[in-house]
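# Descriptive structure summary
Each chain, written out:
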Amino acid sequence: MSGSMEFLLWTKGPLFNIALAIFAIGLMARLVEIFMLGRAPNYAEPRAHEWPAGLRTMLTRTVADPGTFQRAPFNVVVGWVWHLGFLTALLFFVPHVELIQGVLGFAWPALPNPVVDFATAITLLALIATLVHRLTHPVKRHISTIEDYLVWAVVFMVVLTGYLAYHRLVEPYPLALGMHILCAEILLIILPFTKLTHIFTTFIARWYNGAAFGRKGVQS
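Residues numbered from 1 in each chain as written. Predicted model: local features only at pLDDT ≥ 70, side-chain atom pairs only at ≥ 80, totals over all residues. Heavy atoms only, no water.

Counted at 1.5 Å a residue, the expected span for helix α10 (residues 173-190) with its 18 residues is 26 Å, and the 26 Å between its end C-alpha atoms agrees. All of the buried residues along α10 are Pro174, Ala176, Leu177, Gly178, His180, Ile181, Cys183, Glu185, Leu187 and Ile190. Against α1 (2-12), α2 (14-37), α5 (73-92), α6 (94-104) and α9 (146-166) lie the buried residues of α10. (Helix = DSSP H or I, 4+ residues; strand = E, 2+ residues; numbered from the N terminus. Expected span 1.5 Å × (residues − 1). Buried < 20%, exposed > 50% of the residue type's maximum accessible area, 1.4 Å probe, protein only. Contact = heavy atoms within 4.5 Å.)

Okay, the pattern of salt bridges next. This structure, assessed with the given rule, holds three salt bridges. Notably, a salt bridge pairs Glu33 with Arg30, separated by 3.7 Å at the nearest N-O pair. Of this pair, Glu33 and Arg30 both sit in helix α2, three residues apart, which is roughly one turn of the helix. Taking the relative accessible area as the measure of exposure, Glu33 reaches 48% and is therefore partly exposed. Relative accessible area serves as the criterion here: at 27%, Arg30 is assigned to the partly exposed category. With its nearest N and O atoms 2.8 Å apart, the salt bridge here joins Asp148 to Lys195. With a gap of 47 residues between them, Asp148 in helix α9 and Lys195 in the loop between α10 and α11 (198-215) connect regions that are remote in the sequence. Its relative accessible area of 13% is what places Asp148 among the buried residues. By relative accessible area, Lys195 is classed as partly exposed at 45%. One continuous salt-bridge network, built from bridges that share partners, spans Arg134, Asp148 and Lys195. (Salt bridge = Lys/Arg side-chain N within 4 Å of Asp/Glu carboxyl O.)

Right, let's get into the confidence of the model for the protein. On average, residues of the protein score 88 in pLDDT, and 91% of them reach the 70 mark or higher. The least confident element of the protein is helix α3 (residues 50-60), whose mean pLDDT is 75; the most confident is α9, at 97. (pLDDT = per-residue confidence, 0-100.)

Turning our eyes to something else, we now look at the UniProt feature "transmembrane region" (unreviewed entry) in the protein. Following the UniProt record, the feature "transmembrane region" (unreviewed entry) maps to residues 15-37, 74-95, 115-137 and 149-166 here. Across residues 15-37, the secondary structure splits into 100% helix and 0% strand, with the terminal C-alpha atoms separated by 33 Å. (UniProt positions renumbered as here; feature names shortened; annotations may be inferred.)

This part takes up the packing of aromatic side chains. All chains considered together, the criterion is met by six aromatic pairs. Seen from their ring centres, Phe7 and Trp10 are 6.3 Å apart, and the 35 degrees between their planes marks the pair as tilted. Taken together, the residues Phe7 and Trp10, both in helix α1 and three residues apart, mark about one turn of the helix. Looking at Phe7, the relative accessible area reads 19%, which means it is buried. A residue is classified by how much of its surface remains accessible, and Trp10, at 43% relative accessible area, is partly exposed. Between Trp152 and Phe156, the ring centres sit 4.8 Å apart and the planes meet at 10 degrees, which makes this aromatic pair stacked. (Phe/Tyr/Trp six-rings, centres within 6.5 Å; stacked < 30°, edge-to-face > 60°.)

Moving on: the packing of α1 against α2. Running from amino to carboxyl end, α1 crosses α2 at an angle of 30 degrees, the nearest separation of the two axes being 3 Å. Overall, the two elements α1 and α2 adopt an arrangement that is roughly parallel. Contacts between α1 and α2 involve Leu9, Trp10, Thr11 and Lys12 from the former and Pro14, Leu15 and Phe16 from the latter. Considered class by class, the residues forming the contact of α1 with α2 number five nonpolar, one polar and one charged. (Axes fitted to C-alpha atoms, helices over the stretch in contact; angles between N-to-C directions. Parallel < 35°, antiparallel > 145°, perpendicular 65-115°, else oblique. Nonpolar A, V, L, I, M, F, W, Y, C, P; charged D, E, K, R; others polar.)

Take α1 next. Within the sequence span of α1, burial applies to Ser4, Phe7, Leu8 and Thr11. Take α1 and look down its axis: the buried residues cluster within an arc of 100 degrees, on one side only. Turned more than 90 degrees away from the buried face of α1, the exposed residues are Ser2, Glu6 and Leu9. Along its buried surface, α1 packs onto α2 and α10. (Arc of directions from axis to C-beta.)

What follows concerns unusual backbone geometry. Between Glu171 and Pro172 the backbone carries a cis peptide bond, its omega angle lying at -5 degrees. In this fold, Pro172 is placed in the loop between α9 and α10. The backbone of Arg168 shows a phi angle near 55 degrees, a positive value even though the residue is not glycine. You can see Arg168 is positioned in the loop between α9 and α10.

Structure (structure tokens):
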């Protein structure tokens, strides 16, 4: 027990601070890199304002259009399921809300534990389904990279270890909780350097595309 408790304290203390620092510095560097790219000056007279068009695209691209749904219903449905489930567990589980309060100084009401538990279980199933689909779909299997499988594995382990720790399916409990925290810290560390960065850049890209098209008077 003493060893598992020391492991838990290490993940909650020094390693958490290291992971948070790498995450913050790495993400800031990526965002600075993106914004420093800039864009070529456009001297044509704008036909519409950029901001409304950009904001509109941010909203409309969030929901798949009928054509996309018809072409790839699995991607749309299962993608929505696991993203919403993951965000529910991340942002509305009582201990996570308390951690956010401690780091940021503010938080929001948590959801009841059974609701978060159900969302976590659904997320696990959806993630397994996405992996099976990727392995069995000829095109997806061909274009998948090591990074794709690494990102999937880290996200899956974060959710799985959290589920196991909550239900105390691994003993001793400090070891189970420490493993969950360790997986979350690995997620923080790799996030700025992998496709997980889309968590922060998706809406920036959508606004940029919408603004560029809006300036030309066309809908993106």
